[in-house]
Amino acid sequence: MSDGQLADLVTRDVDLSTRTTLALPGRAAFYAEISSPAQLAQVAGSCSWARRFVLGAGSNLVLTGDFDGLLLHMAIGGRQLIGEDDDAWYVRAGAGESWHRLVEWTLAQGWPGLENLALIPGTVGAAPIQNIGAYGLELADRFLSLEACDLLTGKIRRLDRAACRFAYRDSIFRQQGWHLDARMIITRVTLRLPKSWQALTGYGELAAELDRQRIAHPDARQIAAAVIAVRTRKLPDPAVLPNAGSFFHNPVVDASLAEELARAHPQLPRYPQADGRVKLAAGWLIEQSGWKGRNLGRVGMYEKQALVLVNRGGAPGNEVVTLARAVQADVRRRFAVELTPEPVFL
């Protein structure tokens, strides 16, 4: 890319306060909107910024101040059915597509499989990074492959499910720190939606919502509607009350600790895992530690869902950090459980 082309692509000193759902103040020294993989390849060959970061919808990001590097805003669009066979439909989407709109589109086409992941904020490109999941389903369950640009070489690499090393809210992108340094930037994601579809309704809140609606044998669109209803009741609209959704991971602990906690707290929600460990409900732990609806400065834990950290108005990033640490400390003191934040801190 020539200096002139680079100047056309990159903008200096850009306000980021409206580009994240927590609405925290911060500015990027350099900013570029990426609408094609070719632009990434060009930037990789020409750019000398020491720091780079990829921004999607800004729904999983805590700005702790100004960013002195190059912020690459992922805006690669497009979605299509690239094939089907007797077993599945294969759908490909650009990394800048809205995840929820992709879910809605697949269901409208008659391709079920993503309904449990409805209304999860963020972009398609962000979904594999933390292996998004909800109500009994993870992205890894529907994932086929992705394409990513290696910013060291400018070349596009294809990673299949095994190469992504998915785990609970984890992937090779987080394991290698690529979500922080933009070494590998996802450009497209391909999903496999099985034709032998089975409804996943075993998750407690989802089952209760379907029962409330008196739907005994739901189809995919009814499940999506139920998921949306549950999430809408629990989670505030970021446009009204800025937030980043669920702020902490549900912790996974050894079975011995889970049994010890269950004896002391019989109401503690517990979910056995395939590896013998037990997943605990972070929201319950936070609520029992006294933080539901409680504020610290201009931020607080949401009164309808203790797992959600909200910006009550005008808070800077350091207040989010202070509150998160206070919640972690109280949960650790009461339950000997370590909570890990879901968002990236920049």
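Residues numbered from 1 in each chain as written. Predicted model: local features only at pLDDT ≥ 70, side-chain atom pairs only at ≥ 80, totals over all residues. Heavy atoms only, no water.

J.: Can you help me understand the overall build of the protein in this one?
T.: Along its length, the protein carries eleven helices and 20 strands. Relative to the globule expectation of 20 Å for 346 residues, the C-alpha radius of gyration of the protein, 21 Å, shows essentially globular dimensions. C-alpha atoms of the protein, sized along the principal axes, occupy 65 × 55 × 35 Å. A separation threshold of at least 6 residues defines the contact pool for the protein, and within that pool the share at least 24 residues apart is 61%. About 15,600 Å² of surface is accessible on the protein, with carbon and sulfur atoms providing 46% of the total. (Helix = DSSP H or I, 4+ residues; strand = E, 2+ residues; numbered from the N terminus. Rg over C-alpha atoms; globule rule 2.2 N^0.38 Å. Contact = heavy atoms within 4.5 Å. Areas by Shrake-Rupley, 256 points an atom, 1.4 Å probe, with all protein chains shown as cover.)

J.: Mind showing me how you'd approach the packing of aromatic side chains here?
T.: Any two aromatic rings considered together are summarised by their centre-to-centre distance and by the angle between their planes. This structure, assessed with the given rule, holds nine aromatic pairs. Seen from their ring centres, F53 and F67 are 6.4 Å apart, and the 65 degrees between their planes marks the pair as edge-to-face. In this pair, F53 is assigned in strand β3 (residues 52-55) and F67 in strand β5 (residues 67-74), connecting sequence segments 14 residues apart. You'll find F53 and F67 in the same group, each marked buried. Between W284 and F335, the aromatic rings sit 5.9 Å apart at their centres with planes inclined by 55 degrees, giving tilted as the arrangement. Here W284, found in helix α10 (residues 282-288), pairs with F335, found in helix α11 (residues 317-335); they are 51 residues apart in sequence, far enough to count as distant. For the residue pair W284 and F335, the accessibility class agrees, reading buried in each case. A connected cluster of aromatic rings, assembled from ring pairs, spans Y135, Y203 and Y271. (Phe/Tyr/Trp six-rings, centres within 6.5 Å; stacked < 30°, edge-to-face > 60°. Buried < 20%, exposed > 50% of the residue type's maximum accessible area, 1.4 Å probe, protein only.)

J.: In this structure, what is going on with the sheet that holds strand β2 (residues 27-34)? I would like to understand it.
T.: Strand pairing in a sheet relies on backbone hydrogen bonds, with the paired strands running either antiparallel or parallel. Taken in spatial order, the four strands make up an open sheet running β1-β2-β5-β3, and their pairing is mixed. Each edge of the open sheet carries a strand with a single partner, namely β1 (10-15) and β3. Going from strand to strand, the sheet's axes swing by 35 degrees on average, the running direction of each strand aside. Relative to β5, β2 runs parallel, the two sharing six bridges. When the bridges of β5 are listed, F30 appears paired with L70. (Pairing = 2+ DSSP bridges. Axes fitted to C-alpha atoms, helices over the stretch in contact; angles between N-to-C directions.)

J.: Any chance you could explain the packing of helix α3 (residues 99-108) against helix α8 (residues 220-234) here in plain terms?
T.: A packed helix pair is summarised by two numbers, namely the angle formed by the two axes and the spacing between the axes. Packing of α3 against α8 brings their axes to within 10 Å, and their N-to-C directions diverge by 155 degrees. When the axes of α3 and α8 are compared, the pair comes out roughly antiparallel. The crossing of α3 and α8 is left-handed. Contact with α3, carried on its side by H100, L107 and A108, involves A220, R221, A224 and I228 of α8 and no other residues of that element. (Parallel < 35°, antiparallel > 145°, perpendicular 65-115°, else oblique. Left-handed = near helix turned anticlockwise from the far one by under 90°.)

J.: Sorry, what's going on with the nonpolar core here?
T.: Note that soluble globular proteins tend to have their nonpolar side chains buried in a common cluster. Within the largest apolar cluster, 62 residues are counted, with the highest numbers of intra-cluster contacts made by I34, L72, W99, L102, L146, F173 and L191. Here W99 is in contact with L114, L117, I120, G122, T123, V124, A127, I132, L139 and L191, once residues within four sequence places are set aside. One finds Y31, L55, F248 and V327 within the second-largest nonpolar core, a separate group that totals 44 residues. (Core = buried A, V, L, I, M, F, W, Y, C linked by side-chain atoms within 4.5 Å.)

J.: Explain the sheet that holds strand β12 (residues 184-194) to me, please; I cannot follow it from the model alone.
T.: The sheet built from five strands is open, its strands ordered β6-β7-β12-β10-β11 with antiparallel pairing. Across the chains shown, the open sheet's two edge strands, defined by having one partner strand only, are β6 (79-84) and β11 (156-160). Looking at each pair of strands side by side, their axes are set apart by 20 degrees on average, direction ignored. By the bridge criterion, seven bridges tie strand β10 (residues 143-150) to β12 in an arrangement that is antiparallel. By the bridge assignment for β12, L146 is matched with V189. Docked against the sheet, α3 engages β6, β7 (88-94) and β12, running at close to 45 degrees with respect to β6.

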